[in-house]
Structure formats: structure tokens, C-alpha cells
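This is what each chain is made of:
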Amino acid sequence: MNGVLTLFKWVFRIITAPVWVPFWILWKLGEVTGLNAVIEAIAMSTGFYVVYKNLTRKPLRLSLTMLAIFVAFTIYGTLTAFQNAFDAGVELSADDRLVSVNKINFTQPLPISYVNRVRPMEGVASVTHLNWFGGYYQDPQNVIVTFAVDEGSFFDVYGEDLVMSEEAKAAWLGNRQGLIVGESIARLNGWEVGQRIPLNSNIFSQQDGSSDWDFDIVGIYTGSDPQIDTNSIYFHYKYFNETQSFGGNFIGFMAIKTEDPDLNEAVIKQVDDLFANSPFETETVPEKVFNKGFIEQIGNIRLILSSVVLAAFFIILVIVGNSMVLAVRERTSEIGVLKTLGFTSPRIFRMVLGESFLLSIMSGSLGMLAAMVMIGVVNNAPIQLPTLVMTSDLAIEAFTYMALLGFITGIIPAVNALRLNIITALSRN
């Protein structure tokens, strides 16, 4: 039996070696250089050693409390990254870009002739048009965000967001069946430049009755910001317009880039006034407003995600707060002894509060590391989702919540320890 246990211990040590070996090397280096003795002296003089020993005196309770905080911050980090990814569509919208759609509904078309009437307007830097294709690849369930666009003006409007080499742009302009695809959707489907693929539409059909179009992938674009969604693909409107069986010479919407964001209101008025009382009136809004309205149609994602995070934090607040009160109450007589030995009340107050901070920071940091792993897994998963990013703002926000959690859960037991007198402390036992 002892042999089996010994074998199990060695197997466990070998499996977990990547985790503990770096710390063991650091410890040995500290021993050789004398750094460990310095750290020990500092820990003893500042009371950190006592805090550490108090925190680890009940390993099971410590593990369960840390697990609760760990899970809560893993949920917080992952879901907030999701929320930021959805919000990025609004926050990264260009201030000088407008979207002009049919006033009835954005699903209704506009005549393509509108583009040339908007282009010479005062304050308009460039204008392009896009048409929703309703594309899918191989399976109707594998929906691809596909647009037929004006290849000549597309990058004039979106060139600051979508990054692609000049060679790829030239190849796209020179190939009528050329297709440019986003980095994320290319990775998801295993597409490469030079590959010829079929795409189907669940809306349009070709003049021969077929619903599939063939394309040559000529370029893969990336986003100028890591949070820019690269799950979309674009192809020539001319190819689409000449082959579709209905809806010719109509477009989905116009994207207008103004010379200055301050001119937005003037351009909006010009465009909408020009087409007022026509069969196809327009409604022009800043891109930020359009994207926000589009996302809100899916549902109040921010409210849903925030509710889940708040519920998780409320639960850990109760669990950790109760654990801290219980832990300090169990040490009432010890606190009395410490005060008898000369520990001042403010020092004991700091020790109890420091214990709460240490617990929150350690567990929360591990939770955020787990969230980073989760984000990496989601980004590489075979599903179509916006790119998740652990931003520095998110990390700072998380550490703020850790500090807040440590303060809220530790302040009451710390104040009780501060106010406790020696006679009461020793008599309670």
C-alpha cells in the first residue's frame, strides 16, 4: 500500500512539475542569495506573516472560499469580454461615417442611382453602397455575413478599419469573382487565398435558377483594432447585379464618409431632404446610432450579462463576508492575547483587513487568469462569434472590484477586532 502511495506521489509531482518547478527554482535562488531571509524579516515586521498564517489555518474553508471568488471572477472576466465585444460595434464606429437606409425599414432597398446623387454633396468625402446577400456556406445553418459592395469605393469608406495589403486589393479589383474574407471567418472555415469556393444565398437566386455563386478568395483582411469583427466577407456588386434574377439596380444601404464629424448634421439634412417625398425616402443616421439600434434588436445583451455578473458577485459577497466574520470570531481569544502582548488595535485592524484583501486579490487574480484561458478557447472555437479581448481597462476594473470586495467583506470583522478589549476577548473563551 505504501508503495502505491509513493508511486502516486511521484506521478503527481511529475504531472504538476510545470507548475511548481518554477516556484521551487525561485525559492532555491532566494535561499542562495539570502533574499528569502530579507523577505521573511519584512513579512514578520509588517505582520504579513501572521496574516498569511491566519488565512491558511483552515485549508478546507480557505479552498472553498477561494473557489467561490475564483468562479465569480472567471464569470465576470469572460462575460465582460463578451459584452465589450458586442459594444465594440458601437464604440469603434467612425464618427465621420453615416448610414443611409430606406425610411420604411433598413430591409427595404434603395435605387443605386442615389449613390451618384449623394457623392457630389458638400461635406461628403466618399460614399459607397452595400447589399445584404444572405449568404451561407455548404449548410444553411452556416450563415456567413456577406455583402455585395461597390469594390471601387468600398475601401475609401472602410479602409481605416479593414486592413489588407495593396496587392490583395489590386487582385480583388481585377477579379470580378474575387472575394475578400475576414481573418476570423477564414480561420473558422479553413479558407485560404487562391481557394475557389461556392456560396449560397437564402434570399437571391441566379437567372438560371441556381442559388449558388462561385468566388475566388483573393485576400484576407484583419481589423485595425483587435476588437473589430472580422467575420464578414465582401464581393463585387457588379457580379451580383448581373447574375441575380430580381432586384437589379437596387442596393441595401449607403455608407457615407463626411469630411469632418462636425458636418454630419448638415450632410444628413442634405441627403434626407433630397429624397423626401420620393418613392424611396431615406433615413440617414451616424453609424454609431445605426449599429446601436441594430444590436438592440437582438435584445438588451448588456442587461442580461450584467444581471448574471451581479448575481455572481452578490453570492460571493455573502459567502466571503460570512467566512471572514466566522474566522475572526473563532480567533477572539487570540486577538486578546495579541493585544496583551503589545499589538495595538490599529495594527490588528490592518491585519484583519489585510487578510480579507489578500484572499480577494489572490482568488480574483486566479479567476481572471482562468477567464483569459476561456477567452482563448472561445476565440479558437469552431463557432462564429466576435473576437473577445481581455483589455487593460477590464483588468483594472477587475482589480478594483477585488479591492472593493476585500474591503466590504473585511471591514466589519476588522472594526469588531479593533473595538474588542482584552478582558472581553479573553472572557469569551
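In what follows, the structure referred to is the one given above.
Notes on the structure follow. (Residues numbered from 1 in each chain as written. Predicted model: local features only at pLDDT ≥ 70, side-chain atom pairs only at ≥ 80, totals over all residues. Heavy atoms only, no water.)

### Regarding the overall build of the protein
Then, in step 1: When helices and strands are counted, the protein shows 17 helices and 13 strands.
Then, in step 2: A principal-axis box enclosing the C-alpha atoms of the protein has dimensions of 90 × 55 × 40 Å.
Then, in step 3: Counting across all 429 residues of the protein, residues that qualify as buried make up 42%.
Then, in step 4: Here the analysis covers contacts within the protein between residues at least 6 apart in sequence; of these, 80% occur between residues at least 24 apart.
Then, in step 5: Here the protein carries 28 positive and 39 negative side-chain charges, and the mean point of each set is 20 Å from the other. (Helix = DSSP H or I, 4+ residues; strand = E, 2+ residues; numbered from the N terminus. Buried < 20%, exposed > 50% of the residue type's maximum accessible area, 1.4 Å probe, protein only. Contact = heavy atoms within 4.5 Å. Lys, Arg positive; Asp, Glu negative; His and termini not counted. Charge placed at Lys NZ, Arg CZ, Asp CG, Glu CD.)

### Concerning the packing of helix α5 (residues 59–91) against helix α13 (residues 301–330)
Describing two packed helices takes the angle between their axes plus the distance from one axis to the other.
Then, in step 1: Two elements in contact, α5 and α13, have axes separated by 9 Å at closest approach and are oriented at 160 degrees. On the basis of the axis angle, α5 is roughly antiparallel to α13. Helix-helix and strand crossings are classified by hand; for α5 and α13 the assignment is left-handed.
Then, in step 2: Of the residues belonging to the contact of α5 with α13, the class tally is 20 nonpolar, 4 polar and 4 charged. (Axes fitted to C-alpha atoms, helices over the stretch in contact; angles between N-to-C directions. Parallel < 35°, antiparallel > 145°, perpendicular 65-115°, else oblique. Left-handed = near helix turned anticlockwise from the far one by under 90°. Nonpolar A, V, L, I, M, F, W, Y, C, P; charged D, E, K, R; others polar.)

### With respect to the side chain of His236
Then, in step 1: Residue position: His236 is located in strand β10 (residues 232–236).
Then, in step 2: There is a polar contact of 2.7 Å between the side chain of His236 and the backbone oxygen of Trp172.
Then, in step 3: With residues up to four places along the chain from it excluded, the contact list for His236 reads Ala148, Val149, Glu151, Trp172, Leu173, Asn175, Arg176 and Gly178. (Polar contact = N/O pair within 3.5 Å; in protein donor to acceptor, adjacent residues only side chain to side chain.)

### Observations regarding unusual backbone geometry
Then, in step 1: Of note, the phi angle at Gln138 is positive, near 70 degrees, even though the residue is not glycine.
Then, in step 2: When you line up the elements, Gln138 lands in the loop between β4 (135–136) and β5 (143–149).
Then, in step 3: The phi dihedral of Asn249 is positive, around 65 degrees, even though this residue is not glycine.
Then, in step 4: Within the secondary structure, Asn249 is located in the loop between α10 (237–243) and β11 (250–251).

### Considerations on helix α8 (residues 166–174)
Then, in step 1: Buried within α8 are the following residues: Ala168, Lys169 and Trp172. The buried residues of α8 occupy an angular sector of 100 degrees when projected down its axis, which confines them to one face. Exposed side chains of α8 directed beyond 90 degrees from the buried face belong to Glu166, Glu167, Leu173 and Gly174.
Then, in step 2: On the buried face of α8, the contacting elements are β5, α7 (154–158), β7 (178–182), β9 (212–223) and β10. (Arc of directions from axis to C-beta.)

### Concerning the pattern of salt bridges
Then, in step 1: Using the criterion set out here, one finds 10 salt bridges in the structure.
Then, in step 2: For Arg196, the salt bridge goes to Asp216, with nearest N and O atoms at 2.7 Å. Here the residue Arg196 occupies a position in strand β8 (residues 196–201), and Asp216 occupies one in strand β9, the gap between them amounting to 20 residues.
Then, in step 3: One salt bridge in this structure joins Arg331 and Glu355, with 2.8 Å as the shortest N-O distance. Placement of the pair is Arg331 in the loop between α13 and α14 (332–340) and Glu355 in helix α15 (residues 345–379), with a sequence separation of 24 residues.
Then, in step 4: You can call Arg331 buried: its relative accessible area is 7%.
Then, in step 5: Using a relative accessible area of 3% as the deciding quantity, one classes Glu355 as buried.
Then, in step 6: Here the residues in one salt-bridge network are Arg97, Asp161 and Glu287, joined through shared partners. (Salt bridge = Lys/Arg side-chain N within 4 Å of Asp/Glu carboxyl O.)

### A look at a nonpolar patch on the surface
Then, in step 1: A contiguous nonpolar surface patch, about 410 Å² in accessible area, is contributed by Leu317, Tyr401, Leu404, Phe407 and Ile408.
Then, in step 2: When residues of the nonpolar patch are assigned to their parent elements, the largest contribution, 4 residues, is made by helix α16 (residues 392–419). (Patch = residues over 30% accessible without salt bridge, like charges linked within 9 Å, V, L, I, M, F, W, Y side chains within 5 Å. Areas by Shrake-Rupley, 256 points an atom, 1.4 Å probe, with all protein chains shown as cover.)

### Focus on helix α4 (residues 48–55)
Then, in step 1: Residues of α4 that are buried include every one of Val51, Asn54 and Leu55, and no others. Around the axis of α4, the buried residues are gathered within 95 degrees of arc, so they sit on the same side.
Then, in step 2: In the core, the buried residues of α4 are packed alongside α5 and α15.

### Some thoughts on the nonpolar core
Then, in step 1: Counting 35 residues, the largest nonpolar core has Val118, Leu179, Trp191, Met254 and Ile256 as the members making the most contacts within it.
Then, in step 2: With 32 residues, the next largest nonpolar core counts Ile69, Val320, Ala398 and Met402 among its residues. (Core = buried A, V, L, I, M, F, W, Y, C linked by side-chain atoms within 4.5 Å.)

### A short note on the environment of Glu334
Then, in step 1: When you line up the elements, Glu334 lands in helix α14.
Then, in step 2: The exposure class of Glu334 is partly exposed, given its relative accessible area of 33%.
Then, in step 3: Distance from Glu334 to Ala425, taken between C-alpha atoms, is 8.0 Å for residues 91 residues apart in sequence.

### Brief notes about the packing of aromatic side chains
Then, in step 1: Tallied over the entire structure, the rule returns 28 aromatic pairs.
Then, in step 2: For the ring pair Phe73 and Tyr76, a centre distance of 6.2 Å and an interplane angle of 75 degrees mean the geometry is edge-to-face. One end of the pair is Phe73 and the other is Tyr76, both in helix α5 and 3 residues apart, which spans about a single turn. For the pair shown, Phe73 and Tyr76 are each scored as buried.
Then, in step 3: Ring centres 5.5 Å apart and planes at 90 degrees place the aromatic pair Tyr76 and Tyr401 in the edge-to-face group. Residue Tyr76 is found in helix α5, and its partner Tyr401 is found in helix α16; the two are separated by 325 residues along the sequence.
Then, in step 4: For Tyr76, a relative accessible area of 3% translates into the label buried.
Then, in step 5: On the accessibility criterion, Tyr401 (34% relative accessible area) is partly exposed.
Then, in step 6: The rings of Phe106, Trp132, Phe147, Phe154, Phe155, Tyr158, Trp172, Tyr221, Tyr234, Phe253 and Phe290 are connected pair by pair, giving a single aromatic cluster. (Phe/Tyr/Trp six-rings, centres within 6.5 Å; stacked < 30°, edge-to-face > 60°.)

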